[in-house]
Amino acid sequence: MADVARLAGVATSTVSRALANPGRVNEKTRARIAAAVEQLGYTPNAAARNLRVGKSNVIMIVLPGSLHYGASQIIPQVLEAVNRTVIRSGYNLMIANLDRDESSERHILDLAFGGTIRGALILSSQLPVVANRSLGEAGLPIVSLLLDMSDSSVPSVVTNDRQAVRDATRQLIALGHTRFFYIAGPSGNYHDVERFGGLVEALQEAGLSESDVIRSGGDLSYQFGFQTGLQAADDFAALERKPTAVVATSDDMAISFMSQIQKMGWRVPQDVSIISFDGSPVCAFCAPPLSTIEQPMEQLGKAATELLIALMENSGHDGNSRIVIPSRLIRRESIGDQRPNAPMPRRTPSS
């Protein structure tokens, strides 16, 4: 570090500050230091730094289980935004996969209680707990991302699930839809409760009721969305009176559902309109392109990481805060008009 300082013409403390907290050093000085670091091939020793300052510079993000299933790109988008913010702030990122078995949860808790990590971002439905030992008791700053845990004094960065689905359902009702089919996530899950609640509220506003929506799913986790969508297609086919609008609580569910019912002979959107939730880029390439409520993953990841770092550095942020970043409906060709005098859409041959 002293060699870097001499070559860059700055104090050693300035080099340390530029490497640990780049935002605290002006751009020109950072550039000189970066050039010196590259020329000398200098690599900071993270372990030595941690021993010196008595604090870890590692942030852990706890993911909700296996990533091998599902087309949605929610997790990759979150990780990209989080990692970019972590690096810019001079920290390192550790990824923990919460498989919901005791060994993985125990490992996460050992890292937290052992001082390996300085703060944690949670994308899971609950904090890891093993043998009466919880991540919430490790004395570390924790921020929940996507799941509102603010009632449990865990700062949370979320999107407006309920309002977003309510607004999307209003658009379907305005197009003449009065019979709905809802493809549910796991029963009791925060996201499913909020999204179904938004659907029901929109129906009630229009003089309809919860009896005007038929539910399917509720048994499998979001990671098995494709299977949920396929089962929902069978449930839909078995109905004597078919709903004309489908609201799926994830893109994966909607993608497999739409593919399957089209194979069965129903047309989208002439016979049934479909809206999903997540905003995966793959939705634009479905046939027809799928309407989806897009979660602002980059903004969510950045905001959650910045909040966590502020808490770790005692920057005066409220530890009980709740930040809401709105989602938006991307309307594509999977939505049709059911009003009696509506213009007829271009029809494709039914299978």
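Our subject is the structure listed above.
In short, a report on the structure. (Residues numbered from 1 in each chain as written. Predicted model: local features only at pLDDT ≥ 70, side-chain atom pairs only at ≥ 80, totals over all residues. Heavy atoms only, no water.)

1. Concerning the overall build of the protein chain
Now for step 1: In terms of helices and strands, the protein chain carries 11 helices and 14 strands.
Now for step 2: Split into buried and exposed, the 351 residues of the protein chain put 50% on the buried side.
Now for step 3: For the protein chain, the accessible surface area stands at approximately 16,700 Å², while carbon and sulfur atoms represent 50% of it. (Helix = DSSP H or I, 4+ residues; strand = E, 2+ residues; numbered from the N terminus. Buried < 20%, exposed > 50% of the residue type's maximum accessible area, 1.4 Å probe, protein only. Areas by Shrake-Rupley, 256 points an atom, 1.4 Å probe, with all protein chains shown as cover.)

2. Overview of unusual backbone geometry
Now for step 1: Val-268 connects to Pro-269 through a cis peptide bond whose omega is 10°.
Now for step 2: For Pro-269, the position within the fold is in the loop between α10 (251-264) and β11 (273-278).
Now for step 3: Following Ala-287, the chain continues into Pro-288 via a peptide bond in cis, with omega recorded as -5°.
Now for step 4: Relative to the assigned elements, Pro-288 resides in the loop between β11 and β12 (291-294).
Now for step 5: The backbone of Ser-153 sits at a positive phi, close to 65°, despite the residue not being glycine.
Now for step 6: Within the fold, Ser-153 resides in the loop between β6 (142-145) and β7 (156-158).
Now for step 7: Unlike most non-glycine residues, Asp-278 shows phi in positive territory, near 145°.
Now for step 8: Within the secondary structure, Asp-278 is located in strand β11.

3. Description of the sheet that holds strand β9 (residues 213-217)
Hydrogen bonds along the backbone pair up the strands of a sheet, which may run parallel or antiparallel.
Now for step 1: Here we have six strands laid out as an open sheet, ordered β9-β8-β10-β11-β12-β14, and mixed in their pairing. At either margin of the open sheet sits one strand with a lone partner, and together these are β9 and β14 (328-330). Sheet twist, expressed as the average angle between the axes of neighbouring strands with direction ignored, equals 20°.
Now for step 2: As paired elements, β11 and β12 share four bridges and run parallel to each other. (Pairing = 2+ DSSP bridges. Axes fitted to C-alpha atoms, helices over the stretch in contact; angles between N-to-C directions.)

4. Digging into helix α7 (residues 161-174)
Now for step 1: Counted at 1.5 Å a residue, the expected span for α7 with its 14 residues is 20 Å, and the 20 Å between its end C-alpha atoms agrees.
Now for step 2: The secondary structure elements touched by the buried residues of α7 are β8 (180-184), α8 (190-205), β10 (245-248), β11, β12 and β14.
Now for step 3: Phi for Gly-176, located one or two positions after α7, is positive at around 100°. (Expected span 1.5 Å × (residues − 1). Contact = heavy atoms within 4.5 Å.)

5. Some points on the sheet that holds strand β3 (residues 119-122)
Now for step 1: Taken in spatial order, the six strands make up an open sheet running β2-β1-β3-β6-β7-β13, and their pairing is parallel. A single partner strand is all that each edge strand has here, and the edge strands are β2 (92-97) and β13 (322-324). Neighbouring strand axes in the sheet, compared pairwise and without regard to direction, differ in orientation by 20° on average.
Now for step 2: Across two bridges, the pairing between β6 and β7 is parallel. Residue pairing in the sheet places Ser-144 in a bridge with Ser-156 of β7.

6. As for the pairing of β3
Now for step 1: Side-chain alternation along β3 places Gly-119 and Leu-121 on one buried face and Ala-120 and Ile-122 on a second face that is also buried.
Now for step 2: Taken together, the four bridges between strand β1 (residues 58-63) and β3 define a ladder with parallel strand orientation. Along β3, the bridge assignment pairs Val-62 with Ile-122.
Now for step 3: Across three bridges, the pairing between β3 and β6 is parallel. Counterpart to Ala-120 in the pairing with β6 is Ile-142.

7. Observations concerning the pairing of β12
Now for step 1: In the sheet, β12 pairs with β14 via three bridges, with the strands oriented antiparallel. Directly across from Thr-292, in β14, lies its bridge partner Ile-330.

8. Re the environment of Ser-211
Now for step 1: Mapped onto the secondary structure, Ser-211 falls in the loop between α8 and β9.
Now for step 2: Accessibility expressed as a relative area gives 63% for Ser-211, which makes it exposed.
Now for step 3: C-alpha separation for the pair Ser-211 and Arg-179, spaced 32 residues apart in sequence, amounts to 9.1 Å.
Now for step 4: In terms of polar contacts, Ser-211 uses its side chain to reach the side chain of Ser-209, at 2.6 Å. (Polar contact = N/O pair within 3.5 Å; in protein donor to acceptor, adjacent residues only side chain to side chain.)

9. Let's talk about empty space enclosed by the protein
Now for step 1: By the definition in use, this model includes one cavity of 30 Å³ or more.
Now for step 2: The space that makes up the largest cavity amounts to roughly 40 Å³.
Now for step 3: Elements represented by at least two residues in the lining of the largest cavity include exactly β10 and β11.
Now for step 4: The element contributing the most residues to the lining of the largest cavity is β11, with three residues.
Now for step 5: Looking at side-chain class alone, the lining of the largest cavity contains seven nonpolar, two polar and one charged residues. (1 Å grid on protein atoms, 1.4 Å probe; cavity = no way out; pocket = protein on both sides within 12 Å on 5 of 7 lines; lining within 4 Å. Points joined across faces, edges and corners; volume = space filled by probe spheres on them. Nonpolar A, V, L, I, M, F, W, Y, C, P; charged D, E, K, R; others polar.)

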